[in-house]
Amino acid sequence: MLSLLGDNTLYTVLPDPTIWSRVGLTLTWVGVLLGVNRIVRLIFNTWAGVLYDRLPRRRLLIGSLALGAVCNVIYALAFGPAPFLLGRVLWGLAWSGLSIGGNTVVLDVSTESTRGRNSGHFQMWFFIGVAVGALAGGTFTDLLGFQGWLWVSAAITGLAALFWYFKLPETRPADGSGTSRVPSWHEFPIRESLPAAVPVMAVRFVFAGVMAATTILWLEQYVGRELSLVWIVVPLATLTGAFSAVRVLTSIVGAPLAGRASDRMGRRWPVIAIGLGAGAIGAWLMGGSIIWVALVGALLAAITAGSVQALAPAIIGDRVHEARQSRGLSVVLSLGDIASALGPPLALGLLTTLGISGVYRLSAVVLGVAGVFALLQIRIESKLKPAAANQS
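Quick caveat: nothing in here was measured; it's all calculated off a predicted structure.

Asker: What exactly am I supposed to notice about the overall build of the protein chain here?
Answerer: A tally of regular secondary structure across the protein chain gives 13 helices and 2 strands. Buried residues in the protein chain amount to 56% of all 392 residues. The long-range share in the protein chain, meaning contacts at least 24 apart out of those at least 6 apart in sequence, stands at 83%. Surface summary for the protein chain: the accessible area is close to 16,000 Å², and the carbon and sulfur share equals 71%.

Asker: Explain the environment of L257 here, please?
Answerer: Here L257 is to be found in helix α10 (residues 236–265). Between the alpha carbons of L257 and V271 there is a distance of 9.8 Å; along the sequence they are 14 residues apart.

Asker: Please explain the packing of aromatic side chains as it appears in this structure.
Answerer: We describe a pair of aromatic rings using the distance from one ring centre to the other and the angle between the two ring planes. Under the counting rule described, the total for this entry stands at 7 aromatic pairs. Ring geometry for F140 and W149: centres 4.9 Å apart, planes at 15 degrees, overall stacked. Judged by relative accessible area, which is 5%, W149 ranks as buried. An aromatic cluster is present here, built from W91, W95 and F126 joined pairwise through their rings.

Asker: Sorry if this is basic, but what is going on with the nonpolar core here?
Answerer: Counting residues in hydrophobic clusters, the biggest one holds 89 residues, and the most contacted among them are L14, F146, W218 and L367. With 14 residues, helix α9 (residues 190–223) is the single largest residue contributor to this core. Apart from the residues lying within four places of it in its own chain, the contact partners of L367 are A202, V203, V206, F207, L276, G279, A280, A283 and T304.

Asker: Can you help me understand helix α8 (residues 146–167) in this one?
Answerer: Working note: α-helix, 3.6 residues per turn, so residues spaced by three or four point in the same direction. Compared with the 32 Å implied by 1.5 Å per residue over 22 residues, the 32 Å span of α8 between its first and last C-alpha is a close match. Turning to α8, its buried residues are F146, W149, L150, S153, A154, T157, A160 and A161. In a view along the axis of α8, the buried residues occupy a sector of 150 degrees, so they form one face of it. Exposed residues lying more than 90 degrees from the buried face of α8 are L159, F163, F166 and K167. Buried residues along α8 sit against α1 (5–13), α2 (17–20), α5 (57–77), α6 (81–108) and α7 (115–144).

Asker: Got a minute to help me understand the pattern of salt bridges in this structure?
Answerer: Should their charged atoms come close, side chains of opposite charge can pair. As enumerated under the stated definition, the model contains 8 salt bridges in all. Among the salt bridges present, the one from D318 reaches R268, with a minimum N-O distance of 2.8 Å. With D318 in helix α12 (residues 291–319) and R268 in the loop between α10 and α11 (269–286), this residue pair connects regions lying 50 residues apart in the sequence. Accessibility classification places D318 together with R268 in one group, the buried group. A single network of salt bridges, built from pairs that share partners, joins R115, D263, R268 and D318.

Asker: Would you take a moment to explain the packing of α1 against α8 for this structure?
Answerer: The axes of two packed helices give the description: the angle between them and the distance between them. Their axes nearest at 9 Å, the elements α1 and α8 cross at an angle of 155 degrees. In terms of axis orientation, α1 runs roughly antiparallel to α8. Every residue of α8 that contacts α1 at L5, G6, T9, L10 and V13 is listed here: F146, W149, L150, S153 and I156. Split into classes, the residues belonging to the contact of α1 with α8 amount to 7 nonpolar, 3 polar and no charged.

Asker: How do you make sense of the side chain of Q123 when you look at a structure like this?
Answerer: Here Q123 is to be found in helix α7. Given the relative accessible area of 6%, Q123 is considered buried.

Asker: Mind showing me how you'd approach a nonpolar patch on the surface here?
Answerer: Together, W284, L354, L362, V365 and V369 make up a nonpolar patch on the protein surface, roughly 460 Å² of accessible area in all. Here the nonpolar patch gets 4 residues from one element, more than from any other, and that element is helix α13 (residues 325–383). One can find V365 in helix α13. According to the relative accessible area criterion, V365 is partly exposed, its value standing at 45%.

Basis of the calculations
Residues numbered from 1 in each chain as written. Predicted model: local features only at pLDDT ≥ 70, side-chain atom pairs only at ≥ 80, totals over all residues. Heavy atoms only, no water. Helix = DSSP H or I, 4+ residues; strand = E, 2+ residues; numbered from the N terminus. Buried < 20%, exposed > 50% of the residue type's maximum accessible area, 1.4 Å probe, protein only. Contact = heavy atoms within 4.5 Å. Areas by Shrake-Rupley, 256 points an atom, 1.4 Å probe, with all protein chains shown as cover. Phe/Tyr/Trp six-rings, centres within 6.5 Å; stacked < 30°, edge-to-face > 60°. Core = buried A, V, L, I, M, F, W, Y, C linked by side-chain atoms within 4.5 Å. Expected span 1.5 Å × (residues − 1). Arc of directions from axis to C-beta. Salt bridge = Lys/Arg side-chain N within 4 Å of Asp/Glu carboxyl O. Axes fitted to C-alpha atoms, helices over the stretch in contact; angles between N-to-C directions. Parallel < 35°, antiparallel > 145°, perpendicular 65-115°, else oblique. Nonpolar A, V, L, I, M, F, W, Y, C, P; charged D, E, K, R; others polar. Patch = residues over 30% accessible without salt bridge, like charges linked within 9 Å, V, L, I, M, F, W, Y side chains within 5 Å.

Shape descriptors only; they carry no functional weight alone.
Following this line, the structure appears as structure tokens:
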């Protein structure tokens, strides 16, 4: 949760011309920087998956969080594309360790009947981090300045790494991987993992890509550079952070509810299909011209992010042997990173031709197609039994 402070600050305020122009960037570079950390994770996720299958979790997680603090220091000192690019590449490395490691720990401490619930709780805290990062990033950028808040973010993340050094337990099974045979470095369960990756790709493209990079521009079309209330005037950056935080609250609630529902049903795909359908409707409404309809659509769409990202790791736990679960997670997250990396440059590039409304309705189509895929998986899921006891 705390590692996301600096990263979500960039997504919340960096697309604002008054911010990127002061730190030596262009809008094109903003799109690249908001996506490049995900592109490099195509390599880093692979390494992280293998390392977490072979090594203790604790050391890798602490090192990843400490590196996240260093990235915030780089952002605070940066002027021009080069140092920002370095920081984003290093953040890609750090987040590979944090996301794959965190999900691996969740599977370590879960059983078949609790994977959905525990994964939902883990994703809930992730979304809390997104909400806190967006709200704090917008608010404290207005109060302390862009660089000032990034210094504070670096300090908080560094203290979190220190806390982990003293308190984080080791969860790796005592026999190493739960099997006497150490799997090959090249054994990645792609076939078992690919179905779970498809809805994650759609959700990551839309929410972590398109909407994360354009929320400040989407709000600006409704309220301008500031929102005048009865007693106060709210600047656009603060408003964007506050709105992003409120939207994520839906995902915070949706993630554990989806996890619990799937555990009780013993099925994941019906819950994913419902979430994707709601997300498609919500994203379509966000492309409208009436602000209250668009706001309702934004909250409805947020259900998707919570349900899908909570249940994808549970599907990996159901279908992949524990000796290869970290690598299975790396397959899902790598494909999701490809989609989310394409989101910011495509969204910002299409603004001139489609406008913000067209971009959001195109996102609705993406979620709808993924929902159809989830419906097709329901029949397949009913015929499959958890493969964890039979695969190696």
